[in-house]
Amino acid sequence: MTFTPAIPLGGYLGWRVFENSADRQFEAFINTPEVTRNIEYFTENIKNALTAEDLVKDRKLLTVALGAYGLQDEIDKAAFVRKVLEEGTDDPSSFANRLNDTKWKAFAKDFGYGNLGGTRVLISSFREQVATDYMQQAFEARVGDVNTDMRLAMNFRREIATIAENPNVDRVGWYSIMGDTPLRTVLEGAFGLPASIGTADIDQQKELFEQKASQLFGGKSPAVFKDPAVVEDALRRFFVFSELENGPTASTPGSAALTLLSGQSASSQAQNLFLSLVS
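Described below are features of the structure shown in this document.

Here is what the cut-offs are and how they apply
Residues numbered from 1 in each chain as written. Predicted model: local features only at pLDDT ≥ 70, side-chain atom pairs only at ≥ 80, totals over all residues. Heavy atoms only, no water. Helix = DSSP H or I, 4+ residues; strand = E, 2+ residues; numbered from the N terminus. Expected span 1.5 Å × (residues − 1). Buried < 20%, exposed > 50% of the residue type's maximum accessible area, 1.4 Å probe, protein only. Polar contact = N/O pair within 3.5 Å; in protein donor to acceptor, adjacent residues only side chain to side chain. 1 Å grid on protein atoms, 1.4 Å probe; cavity = no way out; pocket = protein on both sides within 12 Å on 5 of 7 lines; lining within 4 Å. Points joined across faces, edges and corners; volume = space filled by probe spheres on them. Nonpolar A, V, L, I, M, F, W, Y, C, P; charged D, E, K, R; others polar. Contact = heavy atoms within 4.5 Å. Phe/Tyr/Trp six-rings, centres within 6.5 Å; stacked < 30°, edge-to-face > 60°. Core = buried A, V, L, I, M, F, W, Y, C linked by side-chain atoms within 4.5 Å. Axes fitted to C-alpha atoms, helices over the stretch in contact; angles between N-to-C directions. Parallel < 35°, antiparallel > 145°, perpendicular 65-115°, else oblique. Left-handed = near helix turned anticlockwise from the far one by under 90°. Salt bridge = Lys/Arg side-chain N within 4 Å of Asp/Glu carboxyl O.

Some thoughts on helix H13 (residues 228-246)
So, point 1. For H13, built from 19 residues, the straight-helix expectation of 27 Å at 1.5 Å per residue is met to within 8% by its first-to-last C-alpha distance of 27 Å.
So, point 2. Among the residues of H13, those classed as buried are Val230, Val231, Glu232, Ala234, Leu235, Arg237, Phe238, Phe239, Val240, Phe241, Ser242 and Glu243.
So, point 3. With a side-chain oxygen positioned 2.9 Å from the backbone nitrogen of Ala229, the residue opening H13 is Asp227.

The structure is reproduced here in C-alpha coordinates:
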(Lines give C-alpha, C1' and ligand atoms only; values in the text may rest on other atoms or scores of the structure.)
Protein backbone atom coordinates (compact mmCIF):
# COMPACT_ATOMS: atom_id res chain seq x y z
CA MET A 1 0.00 0.00 0.00
CA THR A 2 1.32 3.45 -0.90
CA PHE A 3 2.09 5.69 2.05
CA THR A 4 0.07 8.92 2.06
CA PRO A 5 1.01 11.61 4.61
CA ALA A 6 -1.79 12.82 6.87
CA ILE A 7 -2.15 16.55 6.16
CA PRO A 8 -5.72 17.48 7.12
CA LEU A 9 -5.24 21.26 6.90
CA GLY A 10 -3.43 23.64 4.57
CA GLY A 11 -1.72 26.96 5.26
CA TYR A 12 0.33 27.90 8.29
CA LEU A 13 -2.12 26.33 10.71
CA GLY A 14 -1.86 23.09 8.76
CA TRP A 15 1.93 23.34 8.86
CA ARG A 16 1.92 23.62 12.65
CA VAL A 17 -0.42 20.66 12.95
CA PHE A 18 1.69 18.60 10.56
CA GLU A 19 4.87 19.42 12.50
CA ASN A 20 3.43 17.71 15.57
CA SER A 21 3.12 14.39 13.76
CA ALA A 22 5.93 14.66 11.20
CA ASP A 23 8.42 12.51 13.12
CA ARG A 24 5.89 9.71 13.60
CA GLN A 25 4.85 9.88 9.97
CA PHE A 26 8.48 9.78 8.85
CA GLU A 27 9.08 6.61 10.89
CA ALA A 28 6.02 5.02 9.35
CA PHE A 29 7.19 6.01 5.87
CA ILE A 30 10.73 4.62 6.14
CA ASN A 31 9.34 1.31 7.37
CA THR A 32 7.19 0.79 4.28
CA PRO A 33 8.25 -2.17 2.10
CA GLU A 34 9.31 0.04 -0.83
CA VAL A 35 11.68 2.21 1.19
CA THR A 36 13.02 -0.74 3.17
CA ARG A 37 13.81 -2.67 -0.03
CA ASN A 38 15.51 0.33 -1.62
CA ILE A 39 17.71 0.98 1.41
CA GLU A 40 18.66 -2.66 1.84
CA TYR A 41 19.61 -3.02 -1.81
CA PHE A 42 21.62 0.19 -1.81
CA THR A 43 23.47 -0.69 1.39
CA GLU A 44 24.41 -4.12 0.08
CA ASN A 45 25.40 -3.16 -3.47
CA ILE A 46 26.63 0.44 -3.70
CA LYS A 47 30.18 -0.55 -2.72
CA ASN A 48 30.37 -2.49 -5.98
CA ALA A 49 29.61 0.60 -8.10
CA LEU A 50 33.22 1.65 -8.58
CA THR A 51 32.57 3.66 -11.75
CA ALA A 52 29.91 6.10 -12.88
CA GLU A 53 28.82 3.54 -15.46
CA ASP A 54 28.30 0.96 -12.72
CA LEU A 55 26.00 3.31 -10.84
CA VAL A 56 24.03 4.56 -13.81
CA LYS A 57 23.28 1.13 -15.24
CA ASP A 58 21.85 -0.10 -11.93
CA ARG A 59 18.46 1.57 -11.66
CA LYS A 60 17.88 0.45 -8.08
CA LEU A 61 21.14 2.02 -6.92
CA LEU A 62 20.52 5.13 -8.97
CA THR A 63 17.06 5.54 -7.44
CA VAL A 64 18.60 6.03 -4.00
CA ALA A 65 21.64 7.98 -5.20
CA LEU A 66 19.62 10.55 -7.13
CA GLY A 67 16.84 10.60 -4.55
CA ALA A 68 19.30 11.60 -1.84
CA TYR A 69 19.87 14.87 -3.71
CA GLY A 70 16.27 15.53 -4.71
CA LEU A 71 17.05 14.52 -8.29
CA GLN A 72 14.81 11.45 -8.47
CA ASP A 73 12.84 12.83 -11.40
CA GLU A 74 15.98 12.71 -13.56
CA ILE A 75 16.48 8.96 -13.33
CA ASP A 76 15.66 8.33 -17.00
CA LYS A 77 18.42 10.70 -18.21
CA ALA A 78 21.16 8.08 -18.02
CA ALA A 79 23.61 9.76 -20.41
CA PHE A 80 23.15 13.12 -18.68
CA VAL A 81 23.71 11.64 -15.20
CA ARG A 82 26.78 9.74 -16.35
CA LYS A 83 28.31 12.88 -17.87
CA VAL A 84 27.73 14.78 -14.62
CA LEU A 85 29.45 12.06 -12.62
CA GLU A 86 32.35 11.33 -14.96
CA GLU A 87 33.41 14.96 -15.35
CA GLY A 88 33.29 15.56 -11.60
CA THR A 89 33.76 18.99 -10.07
CA ASP A 90 37.52 19.54 -9.83
CA ASP A 91 37.53 21.35 -13.17
CA PRO A 92 35.58 24.65 -12.93
CA SER A 93 34.39 24.12 -16.51
CA SER A 94 33.02 20.61 -15.85
CA PHE A 95 29.45 19.81 -16.79
CA ALA A 96 28.16 19.80 -13.20
CA ASN A 97 29.80 23.14 -12.46
CA ARG A 98 28.10 24.72 -15.47
CA LEU A 99 24.59 23.60 -14.56
CA ASN A 100 22.24 26.08 -12.90
CA ASP A 101 20.93 23.51 -10.43
CA THR A 102 23.56 23.26 -7.67
CA LYS A 103 22.23 19.85 -6.61
CA TRP A 104 24.06 18.31 -9.56
CA LYS A 105 27.35 19.77 -8.36
CA ALA A 106 26.82 18.36 -4.89
CA PHE A 107 25.89 14.97 -6.37
CA ALA A 108 29.01 14.81 -8.57
CA LYS A 109 31.32 16.12 -5.86
CA ASP A 110 30.10 13.75 -3.17
CA PHE A 111 30.23 10.60 -5.29
CA GLY A 112 33.61 11.71 -6.62
CA TYR A 113 33.85 9.50 -9.70
CA GLY A 114 35.37 12.24 -11.84
CA ASN A 115 37.52 13.86 -9.17
CA LEU A 116 41.14 13.32 -8.27
CA GLY A 117 40.30 11.69 -4.95
CA GLY A 118 38.08 9.10 -6.62
CA THR A 119 34.75 7.71 -5.58
CA ARG A 120 33.62 7.59 -1.96
CA VAL A 121 31.31 4.59 -2.26
CA LEU A 122 33.74 2.45 -0.23
CA ILE A 123 33.44 4.78 2.76
CA SER A 124 30.76 3.46 5.10
CA SER A 125 29.88 6.85 6.58
CA PHE A 126 29.22 8.20 3.08
CA ARG A 127 26.98 5.27 2.19
CA GLU A 128 25.03 5.77 5.41
CA GLN A 129 24.63 9.49 4.76
CA VAL A 130 23.31 8.89 1.25
CA ALA A 131 20.78 6.38 2.60
CA THR A 132 19.66 8.83 5.30
CA ASP A 133 19.33 11.70 2.84
CA TYR A 134 17.36 9.50 0.45
CA MET A 135 14.83 8.65 3.14
CA GLN A 136 14.40 12.30 4.10
CA GLN A 137 14.09 13.50 0.51
CA ALA A 138 11.70 10.69 -0.39
CA PHE A 139 9.50 11.55 2.58
CA GLU A 140 9.45 15.22 1.61
CA ALA A 141 8.55 14.28 -1.96
CA ARG A 142 5.62 12.22 -0.69
CA VAL A 143 4.50 15.16 1.46
CA GLY A 144 4.73 17.31 -1.66
CA ASP A 145 2.32 14.99 -3.45
CA VAL A 146 -0.28 16.13 -0.92
CA ASN A 147 0.80 19.73 -0.29
CA THR A 148 3.55 21.45 -2.28
CA ASP A 149 3.97 24.31 0.18
CA MET A 150 4.72 21.93 3.02
CA ARG A 151 7.40 20.20 1.00
CA LEU A 152 8.94 23.60 0.28
CA ALA A 153 8.81 24.45 3.98
CA MET A 154 10.50 21.20 5.01
CA ASN A 155 13.22 21.72 2.43
CA PHE A 156 13.70 25.34 3.53
CA ARG A 157 14.12 24.45 7.19
CA ARG A 158 16.74 21.83 6.33
CA GLU A 159 18.71 23.65 3.63
CA ILE A 160 18.71 27.19 5.02
CA ALA A 161 20.57 26.01 8.11
CA THR A 162 23.48 24.77 5.96
CA ILE A 163 23.73 28.12 4.19
CA ALA A 164 23.42 30.13 7.40
CA GLU A 165 26.24 28.18 9.08
CA ASN A 166 28.61 28.48 6.10
CA PRO A 167 31.72 30.53 7.08
CA ASN A 168 31.34 32.40 3.77
CA VAL A 169 27.64 33.13 4.25
CA ASP A 170 28.05 36.91 3.97
CA ARG A 171 29.80 36.56 0.62
CA VAL A 172 27.95 33.73 -1.08
CA GLY A 173 24.83 33.09 0.99
CA TRP A 174 22.32 35.09 -1.05
CA TYR A 175 23.72 33.81 -4.33
CA SER A 176 23.27 30.24 -3.08
CA ILE A 177 19.68 30.99 -2.10
CA MET A 178 18.85 32.79 -5.34
CA GLY A 179 20.29 29.89 -7.34
CA ASP A 180 18.16 27.31 -5.52
CA THR A 181 14.58 27.47 -6.81
CA PRO A 182 12.83 25.92 -3.76
CA LEU A 183 14.67 28.18 -1.29
CA ARG A 184 14.12 31.19 -3.47
CA THR A 185 10.40 30.42 -3.77
CA VAL A 186 9.96 30.39 0.01
CA LEU A 187 11.83 33.64 0.55
CA GLU A 188 10.17 35.44 -2.33
CA GLY A 189 6.90 34.55 -0.65
CA ALA A 190 8.12 35.51 2.81
CA PHE A 191 9.37 38.84 1.49
CA GLY A 192 6.23 39.46 -0.56
CA LEU A 193 8.26 39.66 -3.77
CA PRO A 194 7.04 38.65 -7.24
CA ALA A 195 8.89 35.88 -9.06
CA SER A 196 9.50 38.39 -11.86
CA ILE A 197 12.33 39.94 -9.86
CA GLY A 198 14.40 37.06 -11.17
CA THR A 199 14.77 38.97 -14.43
CA ALA A 200 16.62 41.82 -12.73
CA ASP A 201 20.39 42.14 -12.49
CA ILE A 202 21.69 39.54 -10.02
CA ASP A 203 23.39 42.11 -7.80
CA GLN A 204 20.23 44.18 -7.70
CA GLN A 205 18.32 41.08 -6.65
CA LYS A 206 20.85 40.47 -3.88
CA GLU A 207 20.45 44.02 -2.62
CA LEU A 208 16.68 43.62 -2.54
CA PHE A 209 16.92 40.37 -0.58
CA GLU A 210 19.32 42.06 1.84
CA GLN A 211 16.96 44.99 2.32
CA LYS A 212 13.99 42.75 2.98
CA ALA A 213 15.94 40.54 5.41
CA SER A 214 17.15 43.58 7.30
CA GLN A 215 13.67 45.09 7.43
CA LEU A 216 11.88 41.92 8.52
CA PHE A 217 14.46 39.88 10.40
CA GLY A 218 16.96 42.43 11.71
CA GLY A 219 19.98 41.59 9.57
CA LYS A 220 20.89 41.68 5.89
CA SER A 221 22.97 38.48 5.91
CA PRO A 222 21.44 35.01 5.49
CA ALA A 223 23.23 34.31 8.78
CA VAL A 224 20.02 35.58 10.44
CA PHE A 225 18.55 32.15 9.67
CA LYS A 226 20.76 30.61 12.33
CA ASP A 227 17.95 31.68 14.65
CA PRO A 228 15.11 29.11 14.60
CA ALA A 229 12.65 31.88 15.45
CA VAL A 230 13.61 33.74 12.27
CA VAL A 231 13.21 30.57 10.21
CA GLU A 232 9.76 30.03 11.69
CA ASP A 233 8.79 33.65 11.02
CA ALA A 234 9.91 33.29 7.40
CA LEU A 235 7.81 30.15 7.01
CA ARG A 236 4.78 31.82 8.60
CA ARG A 237 5.03 34.68 6.15
CA PHE A 238 5.53 32.28 3.24
CA PHE A 239 2.38 30.33 4.05
CA VAL A 240 0.28 33.44 4.52
CA PHE A 241 1.43 35.01 1.27
CA SER A 242 0.89 31.71 -0.53
CA GLU A 243 -2.70 31.76 0.61
CA LEU A 244 -2.99 35.37 -0.44
CA GLU A 245 -1.82 34.45 -3.93
CA ASN A 246 -3.79 31.25 -4.32
CA GLY A 247 -6.85 32.13 -2.31
CA PRO A 248 -7.73 31.33 1.32
CA THR A 249 -8.71 27.87 2.51
CA ALA A 250 -11.02 26.93 5.33
CA SER A 251 -7.96 26.78 7.60
CA THR A 252 -6.87 30.33 6.82
CA PRO A 253 -7.18 32.67 9.82
CA GLY A 254 -9.86 35.20 8.99
CA SER A 255 -11.22 33.16 6.10
CA ALA A 256 -14.82 33.63 7.26
CA ALA A 257 -14.35 37.38 7.10
CA LEU A 258 -12.77 37.13 3.67
CA THR A 259 -15.79 35.35 2.26
CA LEU A 260 -17.88 38.41 3.11
CA LEU A 261 -15.70 40.66 1.00
CA SER A 262 -16.41 41.19 -2.67
CA GLY A 263 -15.44 43.44 -5.57
CA GLN A 264 -12.21 45.33 -6.27
CA SER A 265 -12.22 47.20 -2.97
CA ALA A 266 -12.72 43.91 -1.15
CA SER A 267 -9.63 42.51 -2.83
CA SER A 268 -7.65 45.36 -1.36
CA GLN A 269 -9.23 44.76 2.04
CA ALA A 270 -8.41 41.07 1.81
CA GLN A 271 -4.78 41.85 1.10
CA ASN A 272 -4.66 44.21 4.06
CA LEU A 273 -6.11 41.48 6.26
CA PHE A 274 -3.44 39.01 5.16
CA LEU A 275 -0.71 41.59 5.66
CA SER A 276 -1.94 42.18 9.20
CA LEU A 277 -1.43 38.48 9.88
CA VAL A 278 2.27 38.63 9.06
CA SER A 279 3.15 42.05 10.46
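What about the layout of surface pockets?
So, point 1. Taken as a whole, the largest pocket spans an internal volume of roughly 1,300 Å³.
So, point 2. Around the largest pocket sit 45 residues that line it, and Thr102, Lys103, Ala106, Glu159 and Asp180 are the ones nearest its centre.
So, point 3. Elements that contribute at least two residues to the lining of the largest pocket include exactly helix H6 (95-98), helix H7 (102-111), helix H8 (124-146), helix H9 (148-165), helix H10 (169-178) and helix H11 (181-191).
So, point 4. The residue inventory of the lining of the largest pocket, partitioned by class, reads 15 nonpolar, 15 polar and 15 charged.
So, point 5. The calculated volume of the second largest pocket comes to roughly 380 Å³.
So, point 6. If you trace the second largest pocket, you find 17 residues lining it, with Thr185, Glu188, Gly189, Leu193 and Glu245 closest to the centre.
So, point 7. Listed by contribution, the elements that provide at least two residues to the lining of the second largest pocket are H9, H11 and H13.
So, point 8. A class-by-class count of the residues in the lining of the second largest pocket yields 7 nonpolar, 6 polar and 4 charged.

Notes on the environment of Leu61
So, point 1. Here Leu61 shows up in helix H4 (residues 59-67).
So, point 2. Through-space distance from the C-alpha of Leu61 to that of Asn45 is 7.6 Å; in sequence the pair is 16 residues apart.
So, point 3. Residues within four places of Leu61 in sequence aside, it is in contact with Tyr41, Phe42, Asn45, Ile46, Ala49 and Leu55.

Regarding the packing of aromatic side chains
For any pair of aromatic rings, the description rests on two quantities: the centre-to-centre distance and the angle between the ring planes.
So, point 1. Under the definition given, this model contains 22 aromatic pairs.
So, point 2. Ring centres of Trp15 and Phe18 lie 6.4 Å apart, and the angle between their planes is 35 degrees; this geometry places the pair in the tilted category. Linking Trp15 with Phe18, this pair stays in helix H1 (residues 11-30), spanning 3 residues, or about one helical turn. An identical accessibility class is assigned to Trp15 and Phe18; each is buried.
So, point 3. Judged by centre distance (5.1 Å) and plane angle (65 degrees), the rings of Phe80 and Trp104 are edge-to-face. On the criterion of sequence distance, the pair formed by Phe80 in helix H5 (residues 78-87) and Trp104 in helix H7 is long-range, its members being 24 residues apart.

Here we look at the nonpolar core
So, point 1. Formed by 75 residues in total, the largest nonpolar core has its most connected members in Leu55, Phe107, Phe111, Phe156, Leu187 and Phe225.
So, point 2. In contact with Phe111, not counting residues within four places along its chain, are Ile46, Leu55, Ala65, Tyr69, Leu85, Gly118, Thr119, Arg120, Val121, Phe126 and Val130.

Overview of the packing of H11 against helix H12 (residues 202-217)
So, point 1. Running from amino to carboxyl end, H11 crosses H12 at an angle of 55 degrees, the nearest separation of the two axes being 10 Å. With respect to H12, the axis of H11 lies oblique. By crossing handedness, the relation of H11 to H12 is classed as left-handed. Counted together, Arg184, Leu187, Glu188, Ala190 and Phe191 of H11 and Gln205, Phe209, Lys212, Ala213, Leu216 and Phe217 of H12 form the full contact between these two elements.
So, point 2. Its residues assigned to classes, the contact of H11 with H12 shows 7 nonpolar, 1 polar and 3 charged.

Regarding the pattern of salt bridges
So, point 1. Scanning the model with the defined rule gives 18 salt bridges in all.
So, point 2. Notably, a salt bridge pairs Lys77 with Glu74, separated by 2.7 Å at the nearest N-O pair.
So, point 3. Judged by relative accessible area, which is 21%, Glu74 ranks as partly exposed.
So, point 4. One salt bridge connects Glu159 with Arg158, and the closest N-O pair in it is separated by 2.4 Å.

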